[in-house]
Amino acid sequence: MNHRTATHQASQPDVQHTHITPWRETLRQLLRSAQPHSRAFARSLWMILTAAILHGLALACIIPLFQALLDGHTPNWHTALLWLVLILLLTLTVQTLRWQAQDFDYDGMQADAIHNLRTRLGEQLRRMPLLKLQSRRTGELSAVLLGNVDENLNYTLTICGGLINGVVTPLVSALATLLWDWKLGLAMLLVFPAIIPLHRWRRPQQQKVVRELNDAHTRCHGDIIEYTQGLAVLRASRATGSHAGQLQDTVEWLERLQVDSQRQGIKANVVISSVTEAGMLLIMAAGVTWVTQGQLDLTTLAAVTIMLVRFAEPLALVFIMTGIIEHIETALIQIDELLAIEPLPQQTPAQVPQQFDIRFDDVTFAYEARPVLSGFSATLPARSMTALVGPSGGGKTTVTRLLMRHADPQHGTVTIGGVDVRAIEPERLNRLVSVVFQDVYLFDDTVLANIRMARPEATDAEVHAAARAAHCLEFIERLPQGWNTRIGETGGRLSGGERQRLSIARALLKDAPIVVLDEPTATLDTESERAVQRAIETLVKNRTVIVIAHRLSTIAGAGQIIVVDQGKALETGTHEALLAGNGRYAALWAAQQRAKQWRAGSA
Ligand SMILES: Nc1ncnc2c1ncn2[C@@H]1O[C@H](COP(=O)(O)OP(=O)(O)OP(=O)(O)O)[C@@H](O)[C@H]1O
């Protein structure tokens, strides 16, 4: 067994500790998932239930019908006709109710409920703290959003219908049989006490398998997306094989679980259907014995035989239906978990900053248990550039995340113009800050749309102006359809620097008073860097700018430089002042200068 397989197996839930959801809770979950049509869904379920009861009664009416036709020397046509009419009426009502119950599907309520659920999930992605969102893998999220919602919720009513019919119709038929022959009715009812323990025996195992399968599906989805997205990097580092191996492990793990679940399912189903069949045979045997002893007439036995044949199959299917409901329930649990993540608390009344200086006051922050910032304090003056420098992992990006409220600090405050970021409405805060990252995410849409997404209401002229200011025109005009070229179709045709400039054009169009630059030129060659640097110069004019940089030469002109290390602002000042202070910054600067000279010397 390889390492990955071992990890997967170690993470499998222990059957002893699997929480078995009571059926009532499952029903509540199903009703909730049908929002905003929960009442219509409940009405459909009631109709199916009523239909199942009436169907059971209609089946039981075969006994008096047969008795009227076959008992005695001549058939009692009058009574037989009455029973026949009753059976017909009941059957008609059953069909009408079933037809009406299907309105939930036909009238598009099911589709609308699915749409509503997906919208709520989408809304939740927007509301939930970004840090929590980023901690989930894209593929796993899409497995919940697409797979769980579509695959599992489309057939809920049909499955619930199968379950209700399979249980209720035989039960009602057996109860009604008591009226004509209590012994036979009782024998039929005994099938249920035999089946219920079987179901109780099977359910924990079934739930465990279903949850493991769902877990494996989700991970497999995540692995596939990660693999395809990272293929270029993997190829470059010649690691496609090893990662393909990992993906293969997940797929094999999924396959193994599927085989196991099939095997266990088949075994359990064989046991259950054998018990059901055996129960039916026992009823027949008892009936035949009572007929030979003169305690039961052949007509009643013949009628009951027909009933047994009618409901044996739906009864056996009940267990398959419960298995599918377990799948639906597991999907709903995952959906509920995602929906239950609370957004960050909003301080009231909401405030609007009028100034754009930024202050971090004694901020302490830990990712889960790992402390990253401890007593971080800094003041970033408005309309000037502050550079965050320092060793990797020192907490620079975390500082900017707290400003953008991807998470809240455990202690201390972050303010913009004296207003706590927790009192600024999320949409407004979002409008206040533009970010240019090292990796630019471009959507598969036109170049025009990719820039305009920063301010959807912007006119074409405004988008063009932003692109011009970000020095994008020279490459946009070279593209096959110019502004209307789809980014996906340009493939690798946009260089790193061009992508960066598109990102800067977005930021210019957004026109936010605060700009965060997270090493935007770190990966660029000298020429692209120069072009991007020119675009940045336009962007940062008259704005409060935070720039994260490793290459100190790029930020030597910043109004203020803060050395962030071990979660604290160790030194603050201008380049000259910090060099004169001969502290940490001066040491970092000297080291980079030495490295530069060494590179120049060895070139
Ligand atoms: N989402 C996260 N969950 C857990 N730990 C994290 C997370 N993001 C960052 N960290 C950890 O917090 C520490 C600080 O990270 P941060 O990215 O803020 O540092 P940095 O100074 O920006 O580093 P770099 O210069 O390498 O980008 C690091 O040790 C990092 O591993």
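Placed above this text is the structure.
My aim in this report is to walk through the structure given alongside it, one point at a time. Model, not experiment: these values are computed from the prediction.

In this structure, the second largest pocket spans a volume of roughly 860 Å³. Elements that contribute at least two residues to the lining of the second largest pocket include exactly α2 (23–33), α3 (38–60), α10 (156–180), α12 (191–229) and α15 (298–339). Of the residues assigned to the lining of the second largest pocket, the class counts are 21 nonpolar, three polar and three charged.

Now for the site of the ligand. Within the structure, the ligand sits among 14 residues, and Arg-370, Ser-392, Gly-393, Thr-397 and Thr-398 are positioned closest to it. Starting from 630 Å² of accessible surface for the ligand in isolation, the protein chains cover 66%. Listing elements by their share of the shell around the ligand, those giving two or more residues are β2 (370–380) and α16 (396–403). Among the elements that line the shell around the ligand, the one with the most residues is α16, at four residues. Considering only residue class, the shell around the ligand consists of four nonpolar, seven polar and three charged.

Time to look at the packing of aromatic side chains. What characterises a pair of aromatic rings is the spacing of the ring centres plus the angle enclosed by the ring planes. This model, assessed by the stated rule, comprises five aromatic pairs. Aromatic pair Phe-360 and Phe-376: ring centres 5.5 Å apart, planes at 80°, arrangement edge-to-face. Taken together, the residues Phe-360 in strand β1 (residues 358–367) and Phe-376 in strand β2 connect sequence positions 16 residues apart. You'll find Phe-360 and Phe-376 in the same group, each marked buried. Consider the rings of Phe-365 and Tyr-367, whose centres lie 5.0 Å apart with planes at 85°: the pair is edge-to-face. Since its relative accessible area comes to 3%, Phe-365 is described here as buried.

In total, this model carries one cavity of 30 Å³ or more according to the counting rule given. Taken as a whole, the largest cavity spans an internal volume of roughly 50 Å³. Lining the largest cavity are Leu-30, Ser-33, Ala-34, Phe-41, Gln-110, Ala-113, Ile-114, Leu-153 and Thr-156. Taken together, the elements giving at least two residues each to the lining of the largest cavity come down to α2 and α7 (109–127). Per element, the largest residue contribution to the lining of the largest cavity is three residues, and it comes from α7. Here the lining of the largest cavity is composed, by residue class, of six nonpolar, three polar and no charged.

Here we come to helix α19 (residues 460–469). Taken residue by residue, α19 has Val-463, Ala-466 and Ala-467 as its buried positions. Within α19, the buried residues cover an arc of 100° as seen down the axis, which keeps them to one side. Exposed residues pointing more than 90 degrees away from the buried face of α19 are listed as Ala-461 and Arg-468. Here the buried face of α19 lies against α18 (447–452), α20 (473–476) and α22 (496–510). Following α19 by one or two positions, His-471 has its phi on the positive side, about 60°.

With six of six residues buried, strand β9 (residues 560–565) is to be regarded as a mostly interior element. Side chains Gln-560, Ile-562 and Val-564 of β9 all project onto a buried face; the interleaved residues Ile-561, Val-563 and Asp-565 project onto the opposite face, where all are buried too. For β9 and strand β10 (residues 568–573), the ladder comprises five bridges, and the chain directions are antiparallel. Opposite Val-563, over in β10, you have Glu-571 as the bridge partner.

Calculation notes
- Residues numbered from 1 in each chain as written.
- Predicted model: local features only at pLDDT ≥ 70, side-chain atom pairs only at ≥ 80, totals over all residues.
- Heavy atoms only, no water.
- 1 Å grid on protein atoms, 1.4 Å probe; cavity = no way out; pocket = protein on both sides within 12 Å on 5 of 7 lines; lining within 4 Å.
- Points joined across faces, edges and corners; volume = space filled by probe spheres on them.
- Helix = DSSP H or I, 4+ residues; strand = E, 2+ residues; numbered from the N terminus.
- Nonpolar A, V, L, I, M, F, W, Y, C, P; charged D, E, K, R; others polar.
- Near = heavy atom within 4 Å.
- Areas by Shrake-Rupley, 256 points an atom, 1.4 Å probe, with all protein chains shown as cover.
- Phe/Tyr/Trp six-rings, centres within 6.5 Å; stacked < 30°, edge-to-face > 60°.
- Buried < 20%, exposed > 50% of the residue type's maximum accessible area, 1.4 Å probe, protein only.
- Arc of directions from axis to C-beta.
- Contact = heavy atoms within 4.5 Å.
- Pairing = 2+ DSSP bridges.

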